[in-house]
Amino acid sequence: MSNKLILASSSPRRQELLQQAMIPFSTRKQSVDETQIISDDPVEKVRKLATLKGKNAVIHHDDEVILAADTVVSFKQRIFEKPVNQDNAFQMLTALSGNTHEVYTGVMIRSLEKEIVFVEKTSVEFWTLSEEDINWYISTQEPYDKAGAYGIQSMGAILVKKIIGDYYNVVGLPISRVVRELRSFSIYPQK
Ligand SMILES: Cc1cn([C@H]2C[C@H](O)[C@@H](COP(=O)(O)OP(=O)(O)OP(=O)(O)O)O2)c(=O)[nH]c1=O
C-alpha cells in the first residue's frame, strides 16, 4: 500500500513539478517565520529552512509523508532570497550579471517513522546584462516571489547562458532526486 504525500508548500512551481512527475499529493499550506534561521552558509541555511518547514507541518494520519523545500541563490559569500523591493531586485540582478552563481534547494521528507534532509546544488551562469535589460526584467514583476530575483522557467530564461546541474533544482524542487527518495517512503508515480 502506498502512503499519502503532503506538500507543505505554497509554491506553485513545486506543485507543478510533482504533477509533472505524476506523484499524487495534497497541499497543506503553512506559514513559518523564515527570519528565525540565520546562517551565512547556503547549504546550512536551506537545510535548516527545509527542516523548519517540514517540522512545522502536522502529520494527522500514520500514512502521511510530508515534503518541504527551500531555495536560495548564493553568490560570493552572499545569500539572495526573495527581493524585498525594486532596488533590492536591481542589486541582486546587477551582482549576478556576467557571473556564475549557485542555486541550492534543501528538501525535507518525513513520516512518523523516519526523516531525510538533502541539498542539491546547480550552477547558473548569467549573460552580461545592461541596466536597461535589468530594469525591463524587473518591470515584468517576475523577480518578486523568487530567490535571486529571477525565474529561469519564465522570462528569466533569457538571462541565462549556461547551467550545470538539475534545472528543476533552480525552479525550486530537484524532482528526479525527490522521486527517487520518495520510493523509500512508499510513494510512487501513478498513471
Ligand atoms: C532561482 C529561482 C527561484 N524560484 C523560486 C522557487 C521558490 O518558490 C522561490 C524561493 O522561495 P522559497 O522560500 O524556497 O519557497 P516559497 O516561499 O516560494 O514556497 P514555500 O516556502 O511555501 O515552499 O524562488 C523560481 O521559481 N525560479 C528560479 O529560477
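Residues numbered from 1 in each chain as written. Predicted model: local features only at pLDDT ≥ 70, side-chain atom pairs only at ≥ 80, totals over all residues.

In the nomenclature of an unreviewed UniProt entry, the protein chain corresponds to dTTP/UTP pyrophosphatase from the organism Ornithinibacillus caprae. Database annotation for the protein chain, UniProt heading Function (unreviewed entry): "Nucleoside triphosphate pyrophosphatase that hydrolyzes dTTP and UTP. May have a dual role in cell division arrest and in preventing the incorporation of modified nucleotides into cellular nucleic acids." The protein chain has a UniProt comment under Subcellular location (unreviewed entry) that states "Cytoplasm". (UniProt positions renumbered as here; feature names shortened; annotations may be inferred.)

Asker: Before we go on, may I ask you to explain the nonpolar core in this structure?
Answerer: A general feature of soluble globular proteins is that nonpolar side chains tend to end up buried together. Judged by nonpolar contacts, the single largest core of 46 residues is most densely connected at Val-65, Leu-67, Ala-68 and Leu-93. The element contributing the most residues to this core is strand S3 (residues 64-75), with 7 residues. Not counting the four nearest positions on each side in its chain, Val-65 is found in contact with Asn-3, Lys-4, Leu-5, Ile-6, Ile-109, Ser-111, Phe-185 and Ile-187. (Core = buried A, V, L, I, M, F, W, Y, C linked by C-beta atoms within 7 Å. Buried ≥ 20, exposed ≤ 12 C-beta atoms within 10 Å, placed from the backbone. Helix = DSSP H or I, 4+ residues; strand = E, 2+ residues; numbered from the N terminus. Contact = placed C-beta atoms within 7 Å.)

Asker: What should I look at first to understand the pairing of S3 in this one?
Answerer: Within a regular strand, the side chains alternate between the two sheet faces. Among the 12 residues in S3, 10 count as buried, and that is most of the element. Strand direction decides the pairing type here: strand S1 (residues 4-7) and S3, joined by 4 bridges, are parallel. Counterpart to Leu-5 in the pairing with S3 is Val-65. Where S3 lies against strand S5 (residues 100-110), 9 bridges are found, and the strand directions are antiparallel. Opposite Ala-69, over in S5, you have Val-107 as the bridge partner. The sheet contact formed by S3 and strand S4 (residues 78-80) spans 3 bridges and is antiparallel. Looking at the pairing, Val-73 lines up with Phe-80 of S4. What sits between the antiparallel neighbours S3 and S4 is a turn of 2 residues, in which Lys-76 has the positive phi angle 45 degrees. (Pairing = 2+ DSSP bridges.)

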